[in-house]
Amino acid sequence: TLQGIESNVPENSLAAIQQAIDLDIDMVELDVRMTSDGVLVLMHDASIDRTTNGSGSVSSLTYEELQQYRLLSGDGLSDETIPTLEEALRMGNGKIYFNLDIANKNIPARKIAGLLTTLGMSGQVLLYVSDDRNFATDLKAENADLLLHPMVENTSDIEFYTSRWPDVCVMQ
């Protein structure tokens, strides 16, 4: 849902997720950011400038402040607001897999792991952690069942991840 399945559907929106479910798509990729009051929301960019009728960085705005803005689509301004990650996960629970890009976005491991554990979705969500070994270790410490998707650049990286967690997906 990075760019929406169709141009009239805003990226990282509930409408895009629902459309993916309706089309029997197996997995959607979502980008997660955290608001200034600690709410996990869907937003690709660090700012809301490109994808909404507002401006500012996600991390400097509260969730309530974000709700006054509408997501943009190929057709212009939509009725969609910036959704929370929890709303998105609840919508797709048992219907679609998620690939969450949480790499380098200052999201606490405890927060994301806790949400996935609470919703019983540890096996339905792939967490892209880039090359951050510490973040990957923190996530697995919170919930050993989490599915990680690290990026690796050499055999040392592959050995690091696969020696600790044989279920880790490695992309080289």
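Up top you'll find the structure we're talking about.
Residues numbered from 1 in each chain as written. Predicted model: local features only at pLDDT ≥ 70, side-chain atom pairs only at ≥ 80, totals over all residues. Heavy atoms only, no water.

Trainee: Outline the nonpolar core, listing residues and values.
Mentor: Taken as a class, soluble globular proteins show a tendency for nonpolar side chains to be buried jointly. Core analysis: the largest hydrophobic core is formed by 35 residues, its most contacted members being Phe98, Leu100, Ile112, Leu127 and Leu139. Apart from residues lying up to four places away in sequence, isoleucine 112 is in contact with Leu40, Leu85, Leu100, Ile102, Ile107, Leu127 and Leu139. Ranked by size, the runner-up nonpolar core spans nine residues in total, among them Val41, Ile48, Leu66 and Ile82. (Core = buried A, V, L, I, M, F, W, Y, C linked by side-chain atoms within 4.5 Å. Buried < 20%, exposed > 50% of the residue type's maximum accessible area, 1.4 Å probe, protein only. Contact = heavy atoms within 4.5 Å.)

Trainee: Talk me through the sheet that holds strand β6 (residues 125-130); I want residue IDs and the actual numbers.
Mentor: On the basis of which strands lie adjacent, the open sheet formed by five strands has the order β2-β1-β5-β6-β7 and mixed pairing. Single-partner strands in this sheet number two, and they are β2 (40-42) and β7 (147-150). Taken over all neighbouring pairs, the strand axes of this sheet differ in orientation by 35° on average, direction set aside. Together, β1 (27-34), β2, β5 (97-101) and β6 form the strand contacts of helix α4 (residues 109-119), whose direction differs from that of β6 by roughly 170°. Sitting on the sheet, helix α5 (residues 133-142) is in contact with β6 and β7, with an inclination near 150° to β6. (Pairing = 2+ DSSP bridges. Helix = DSSP H or I, 4+ residues; strand = E, 2+ residues; numbered from the N terminus. Axes fitted to C-alpha atoms, helices over the stretch in contact; angles between N-to-C directions.)

Trainee: Explain the packing of aromatic side chains to me, using residue names and the numbers behind them.
Mentor: Summed over the entire model, instances satisfying the criterion amount to three aromatic pairs. For the pair phenylalanine 160 and tyrosine 161, a centre-to-centre distance of 5.0 Å together with 85° between the ring planes defines the contact as edge-to-face. With a relative accessible area of 1%, tyrosine 161 lands in the buried category. When the centroid spacing of 6.1 Å and the interplanar angle of 85° are considered together, the rings of phenylalanine 160 and tryptophan 165 count as edge-to-face. Each member of the pair, phenylalanine 160 together with tryptophan 165, is buried. In this structure, arginine 133 is placed above the aromatic ring of phenylalanine 160, and the distance from its NZ or CZ to the ring centre is 4.4 Å. (Phe/Tyr/Trp six-rings, centres within 6.5 Å; stacked < 30°, edge-to-face > 60°. Lys NZ or Arg CZ within 6 Å of the ring centre and 35° of its normal.)

Trainee: Run through the side chain of threonine 84, naming residues and quoting values.
Mentor: Within the secondary structure, threonine 84 sits in the loop between β4 (76-77) and α3 (85-92). Those residues within four positions of threonine 84 in sequence are excluded, and the remaining contacts are Val39, Leu40, Val41, Leu42 and Tyr63.

Trainee: Can you tell me about unusual backbone geometry, naming the residues and giving the values?
Mentor: Backbone geometry at asparagine 12 places phi at a positive 50°, although glycine is not the residue there. By relative accessible area, which is 2% here, asparagine 12 ends up buried.

Trainee: How would you sum up the side chain of asparagine 12? Please name residues and give values.
Mentor: Mapped onto the secondary structure, asparagine 12 falls in the segment before α1 (14-22). In this structure the side chain of asparagine 12 is engaged in a polar contact, spanning 3.0 Å, whose partner is the backbone nitrogen of aspartate 31. (Polar contact = N/O pair within 3.5 Å; in protein donor to acceptor, adjacent residues only side chain to side chain.)

Trainee: Please give an account of the environment of isoleucine 17 that cites residues and values.
Mentor: Mapped onto the elements of the fold, isoleucine 17 is located in helix α1. Residue class for isoleucine 17 comes out buried when judged on its relative accessible area of 0%. Along the primary structure isoleucine 17 and alanine 103 are separated by 86 residues, whereas in three dimensions their C-alpha atoms are 21 Å apart.

Keep in mind these values describe shape, not function.
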